[in-house]
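Below are the chains, spelled out letter by letter.
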Amino acid sequence: QVFRGESTEPQDLIFSAKMSSMWNVRTKLDVFLANNTKEDVCDFRVKGSWFERSCTIYAGESSTIIAQMHKKHTVQSILIGKDNFAVTVYPNIDYAFIVALIVILDEINHASS
């Protein structure tokens, strides 16, 4: 669950993300906005492969892509071992929301490894 600021009060809930499946190296998250209390249909869906360091974020259960992230292979990443990522956020999408979803995906994958 993601809340505004330091709050954990129900009225400050922004969205919740639930892992709908995780097999091998693929992860799928269903994301529900706070006003979607039934949670029978997700508002956003994240499909990713942390092994490949990539993910795609979709609007609901559709095939409409709203953002993508993938690992960039640079000289620095190869020589120093420091990962660099490219994130493409489509028009009219909140950048902070997309970053929050990527951070959640990262946390899930670190917790399971």
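Residues numbered from 1 in each chain as written. Predicted model: local features only at pLDDT ≥ 70, side-chain atom pairs only at ≥ 80, totals over all residues. Heavy atoms only, no water.

Chemist: Give a description of the pattern of salt bridges that names residues and reports values.
Modeler: If you walk through the whole model with that rule in mind, you get 1 salt bridge. The shortest N-O distance in the salt bridge between E39 and K18 comes to 2.2 Å. Pair noted here: E39 is in the loop between β3 (26-33) and β4 (44-49) and K18 is in strand β2 (residues 13-23), with a separation of 21 residues, a long-range link. Look at E39 and you get partly exposed, because its relative accessible area is 27%. K18 sits in the partly exposed class, given a relative accessible area of 40%. (Salt bridge = Lys/Arg side-chain N within 4 Å of Asp/Glu carboxyl O. Helix = DSSP H or I, 4+ residues; strand = E, 2+ residues; numbered from the N terminus. Buried < 20%, exposed > 50% of the residue type's maximum accessible area, 1.4 Å probe, protein only.)

Chemist: Which residues make up unusual backbone geometry, and what values go with them?
Modeler: Positive phi, normally seen in glycine, also occurs at E39, with a value near 55°. A positive phi is found at N92, a non-glycine position, where the angle reads about 65°. Mapped onto the fold, N92 is located in the loop between β7 (84-89) and α2 (95-111).

Chemist: Now, about the pairing of strand β6 (residues 65-72): what can you tell me, with residues and values included?
Modeler: Bridge analysis of strand β5 (residues 54-59) against β6 gives 5 bridges, and the strand direction is antiparallel. Looking at the pairing, C55 lines up with M69 of β6. Where β5 hands over to β6, the hairpin turn is made up of 5 residues, of which G60 adopts a positive phi near 55°. Across 6 bridges, the pairing between β6 and β7 is antiparallel. When the bridges of β7 are listed, Q68 appears paired with T88. (Pairing = 2+ DSSP bridges.)

Chemist: Quick one: what's the story with the packing of aromatic side chains, residue by residue and with numbers?
Modeler: A full pass over the atoms with the stated rule returns 2 aromatic pairs. In this structure an aromatic cluster arises from ring pairing among F15, F44 and F97. Taking the ring centre of Y58 as reference, the NZ or CZ of R45 above it sits at 4.6 Å. (Phe/Tyr/Trp six-rings, centres within 6.5 Å; stacked < 30°, edge-to-face > 60°. Lys NZ or Arg CZ within 6 Å of the ring centre and 35° of its normal.)

Chemist: Describe the pairing of β4, and please don't skip the residues or the numbers.
Modeler: In terms of burial, β4 is largely enclosed, as 5 of its 6 residues are buried. Bridge count for β3 against β4 is 6 bridges, and the pairing is antiparallel. Bridge pairing links V31 to F44 in β4. When β4 meets β5, the two strands line up antiparallel, connected through 6 bridges. Opposite R45, over in β5, you have Y58 as the bridge partner.

Chemist: Which residues make up the nonpolar core, and what values do they have?
Modeler: Counting 16 residues, the largest nonpolar core has V31, V46, C55, I57, F97, I98 and L101 as the members making the most contacts within it. Those elements that provide at least two residues to this core are β3, β4, β5, β6 and α2. With 5 residues, the top contributor of residues to this core is α2. For V31, the contacting residues outside a window of four places in its chain are F15, S16, A17, C42, D43, F44, V46, F97 and L101. (Core = buried A, V, L, I, M, F, W, Y, C linked by side-chain atoms within 4.5 Å. Contact = heavy atoms within 4.5 Å.)

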